[in-house]
Amino acid sequence: MLVSIKNKYRCFPKQVKASLWFLVCAFFEKSISIIATPIFTRIMSASEYGQFNVLYSWLTIVTIIVSLNLCYGVYTQGLIKFSHDRRRYSAALQGLTVVLVLTWTLIYLGFRDFWNNAFSLTTTQMLAMLLMVWTSSVFNFWAGERRVALQYKSLVVVTLLVAVAKPVVGVLLVVYANDKVTARFLGLALVELVGYTGLFFVQMYRGKTFFSRHFWRHALMFNLPLAPHYLSQIVLSSADRIMIGNMVNAKSAGIYSLAYSLSQIMILFNVALSQTLSPWMYQKIKDRRVSDIAGVAYGSLILIAIVNLLLIAFAPEIVSIFAPRAYARATWIVPPIAMSVFFIFAFDLFAKFEFYYERTSLIMIASVIGAVLNVALNYWLIPILGYEVAGYTTLICYVMYAAVHYWFMNRICREELGTLPYKRKILVLITFTFLAAGFLFLSAYHSVVLRYLLILITGVGGLIKRNYLMTIMKQMLRVRKPN
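Residues numbered from 1 in each chain as written. Predicted model: local features only at pLDDT ≥ 70, side-chain atom pairs only at ≥ 80, totals over all residues. Heavy atoms only, no water.

### Overview of the overall build of the chain
Right, so step 1: Each helix and strand in the chain was counted, giving 21 helices and 0 strands.
Right, so step 2: Expected size for 483 residues packed as a compact globule is a radius of gyration near 23 Å; at 22 Å, the chain falls within 12% of this value.
Right, so step 3: When its C-alpha atoms are laid out on the principal axes, the chain stretches across 60 × 55 × 50 Å.
Right, so step 4: The buried share of the chain, reckoned over its 483 residues, is 57%.
Right, so step 5: Of the contacts made within the chain by residues no fewer than 6 positions apart, 82% connect residues no fewer than 24 positions apart. (Helix = DSSP H or I, 4+ residues; strand = E, 2+ residues; numbered from the N terminus. Rg over C-alpha atoms; globule rule 2.2 N^0.38 Å. Buried < 20%, exposed > 50% of the residue type's maximum accessible area, 1.4 Å probe, protein only. Contact = heavy atoms within 4.5 Å.)

### Here we look at the packing of aromatic side chains
Right, so step 1: For the coordinates displayed, the defined rule picks out 31 aromatic pairs.
Right, so step 2: Plain terms: the ring middles of Phe314 and Tyr452 are 6.2 Å apart, the flat faces sit at 75° to each other, and that makes the pair edge-to-face. Of the two residues, Phe314 sits in the loop between helix 14 (293–313) and helix 15 (315–322) while Tyr452 sits in helix 20 (residues 448–464), which places them 138 residues apart along the sequence.
Right, so step 3: Chaining the aromatic ring pairs together yields one cluster made of Tyr75, Phe82, Tyr89, Phe141 and Phe215.
Right, so step 4: Taking the ring centre of Phe40 as reference, the NZ or CZ of Arg184 above it sits at 3.8 Å.
Right, so step 5: The ring of Tyr260 carries the charged tip of Arg241 above its face, separated from the ring centre by 4.2 Å. (Phe/Tyr/Trp six-rings, centres within 6.5 Å; stacked < 30°, edge-to-face > 60°. Lys NZ or Arg CZ within 6 Å of the ring centre and 35° of its normal.)

### A closer look at the side chain of Thr37
Right, so step 1: Checked against the element boundaries, Thr37 lands in helix 2 (residues 14–43).
Right, so step 2: In this view, Thr37 contacts Tyr49, Leu258 and Phe322; residues no more than four positions away in its chain are not counted.

### Focus: the pattern of salt bridges
Right, so step 1: In this structure the tally under the stated criterion is 12 salt bridges.
Right, so step 2: Residues Glu145 and Arg146 are paired through a salt bridge, measuring 3.4 Å at the closest nitrogen-oxygen approach. The pair Glu145 / Arg146 is uniform in exposure class, with both members buried.
Right, so step 3: Put simply, Arg451 and Glu317 hold a salt bridge, and the shortest N to O gap is 2.8 Å. Pair noted here: Arg451 is in helix 20 and Glu317 is in helix 15, with a separation of 134 residues, a long-range link.
Right, so step 4: Relative accessible area serves as the criterion here: at 2%, Arg451 is assigned to the buried category.
Right, so step 5: We classify Glu317 as partly exposed; its relative accessible area is 24%.
Right, so step 6: Sharing partners across several salt bridges, the network here consists of Arg359, Arg411, Glu415 and Glu416. (Salt bridge = Lys/Arg side-chain N within 4 Å of Asp/Glu carboxyl O.)

### Details of unusual backbone geometry
Right, so step 1: One non-glycine residue, Asn69, adopts positive backbone phi at about 55°.
Right, so step 2: Inspection of the secondary structure puts Asn69 in the loop between helix 3 (46–67) and helix 4 (73–81).
Right, so step 3: One non-glycine residue, Ser120, lies in positive phi territory at about 55°.
Right, so step 4: Looking at the element boundaries, Ser120 is found in the loop between helix 6 (112–119) and helix 7 (123–148).

### Some thoughts on the nonpolar core
Burial of nonpolar side chains together is a common tendency in soluble globular proteins.
Right, so step 1: Within the largest apolar cluster, 125 residues are counted, with the highest numbers of intra-cluster contacts made by Ile293, Leu349, Phe350, Phe353 and Tyr422.
Right, so step 2: Considering each element in turn, this core owes the most residues, 16 residues, to helix 16 (residues 334–356).
Right, so step 3: If near-sequence neighbours (up to four positions away) are discounted, Ile293 is found in contact with Trp280, Met281, Lys284, Ile285, Phe353 and Tyr422. (Core = buried A, V, L, I, M, F, W, Y, C linked by side-chain atoms within 4.5 Å.)

### Quick look at the environment of Phe201
Right, so step 1: One can find Phe201 in helix 9 (residues 180–207).
Right, so step 2: Residue Phe201 is classed as exposed on the basis of its relative accessible area, which comes to 53%.
Right, so step 3: Along the sequence, Phe201 and Gln94 sit 107 residues apart, while their C-alpha atoms lie 9.6 Å from each other.

### Quick notes on helix 12 (residues 250–263)
Right, so step 1: End to end, helix 12 covers 20 Å across 14 residues, agreeing with the expected 20 Å (1.5 Å per residue, within 8%).
Right, so step 2: Among the 14 residues of helix 12, 12 are classified as buried, and the element is accordingly described as predominantly covered.
Right, so step 3: For helix 12, the full list of buried residues reads Ser252, Ala253, Gly254, Ile255, Tyr256, Ser257, Leu258, Ala259, Tyr260, Ser261, Leu262 and Ser263. (Expected span 1.5 Å × (residues − 1).)

### Some details on helix 16
Each full turn of the α-helix corresponds to 3.6 residues, which orients residues three or four apart in the same direction.
Right, so step 1: The terminal C-alpha atoms of helix 16, which comprises 23 residues, lie 34 Å apart, in line with the 33 Å expected from a rise of 1.5 Å per residue.
Right, so step 2: If you look at helix 16, its biggest bend is around 35°, right at Phe350.
Right, so step 3: Taking burial as the measure, the 23 residues of helix 16 include 22 buried ones, the bulk of the element.
Right, so step 4: Backbone geometry just downstream of helix 16 places Glu358 in the positive-phi region, at approximately 55°. (Bend = angle between axes of the 7 residues up to and from the residue.)

### What to know about the packing of helix 14 against helix 15
Right, so step 1: It is the contact of helix 14 with helix 15, at a shortest axis distance of 5 Å, that shows an interaxial angle of 70°. If you check the angle between helix 14 and helix 15, you find them roughly perpendicular. Counted together, Leu311, Ile312 and Ala313 of helix 14 and Ala315, Pro316, Glu317 and Ile318 of helix 15 form the full contact between these two elements.
Right, so step 2: Residues that form the contact of helix 14 with helix 15 fall into these classes: 6 nonpolar, no polar and 1 charged. (Axes fitted to C-alpha atoms, helices over the stretch in contact; angles between N-to-C directions. Parallel < 35°, antiparallel > 145°, perpendicular 65-115°, else oblique. Nonpolar A, V, L, I, M, F, W, Y, C, P; charged D, E, K, R; others polar.)

### So, the side chain of Gln94
Right, so step 1: In this fold, Gln94 is placed in helix 5 (residues 86–110).
Right, so step 2: Classification of Gln94 by relative accessible area gives buried; the value is 1%.
Right, so step 3: Setting aside anything within four residues of it in sequence, one finds Gln94 in contact with Val138, Phe141, Trp142, Phe200, Gln203 and Met204.

### Quick look at a nonpolar patch on the surface
Right, so step 1: Where nonpolar side chains cluster on the molecular surface, the patch consists of Phe28, Val164, Val168, Leu172, Val175 and Tyr176 and spans about 590 Å² of accessible area.
Right, so step 2: No other element matches helix 8 (residues 152–176), which puts 5 residues into the nonpolar patch.
Right, so step 3: Tracing the sequence through the fold places Val164 in helix 8. (Patch = residues over 30% accessible without salt bridge, like charges linked within 9 Å, V, L, I, M, F, W, Y side chains within 5 Å. Areas by Shrake-Rupley, 256 points an atom, 1.4 Å probe, with all protein chains shown as cover.)

### Side note on the environment of Val202
Right, so step 1: With respect to the helices, strands and loops of the structure, Val202 is situated in helix 9.
Right, so step 2: Taking the C-alpha atoms as reference points, Val202 and Val375, separated by 173 residues in sequence, lie 41 Å from one another.

This is the structure:
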């Protein structure tokens, strides 16, 4: 059997091999982080764990403000648009990011006390944060170019080495440090500095370009209007932890952060599928062959729904494995956040059309609406219903978020293509089936027997539909085959 699998693998085209390794790479990277979670929840108190997650939430927000997320939307689009000059484009965006990070570092140092008080952080934490903005951008630029070029071997090696080093260094620093929160954060910064700095020089050497008026202007004109969108996305994913830390206490923020972290395990499937699908979808849109997208998109949504239902079904056991009894209340927060992951992926399928046709104002409007609604609902409901309600406000906002982007996508497709890529009835059927199953498992948390009976029934259903599920997986593997 192993020989047969090996022979089949050798017959795969490079596009399929790349897709498989990108998925494995993303899964392993996230898995290492998750495996380390039980260690950190036991060597750090719930309050310290909560403080670290609040600090990390600030990092995600600062990253948007400082780097403008140049390594994401505009970069992937630019690698396709400027495929003839890809190396110079990559180097130029690396140069622009350096300028942005240095500028903001000078602004911080000039008003250090003000910023430290505003964020309730120390100088060490703030400088480490700015460093990580640069190192993470360096890696994402390099990784994005590797993915588009299907050069997966070097990406896998770098990703796995850094993924393993982060928790190992983090544990060593936390165990021997008095300030465990800062030690955990510095561990991440140190590993990224060592692991990613060389990638910057690789791209700069190949591209031999630091400043390019054309590329810098394109990137800034594209991403500046998107900054509110990216910031709103981060507010949607991070504001709840910051607000719980400020409105309730650090311990509650720690319990909520555990539930959020466990639910975000499934984000790795979102990321892996999105990274695989993005170049393929952009090419289909460019070729005006959007009818090819629907089948793969439906299959992707079903796959994302299945993996999130698995997490919801086994949430009580997973929480007990990853943390001591002090975190038990996190179990009830996992389902709504896991359901949100489904809508995050759905949004991405819709937003691809907005990104391709550079309708950044529409992207910004939808994102700002979602972020403002999330903050308002949390501010209103947390004091009344407790911090657990933040999981449900997150779900509500992502449902609305995906719906607005779906509406914008249809508007763009009518104008640009004269046709719609997806059928509403199929999307609604997949969505409502997923939500019904998720809340059914949640309602069974009080009874182990009932919950496992539901798991058994679901498993039998999956066995009956195994041929259909295998077809979905084959569709996922075919998306990178040459046309």
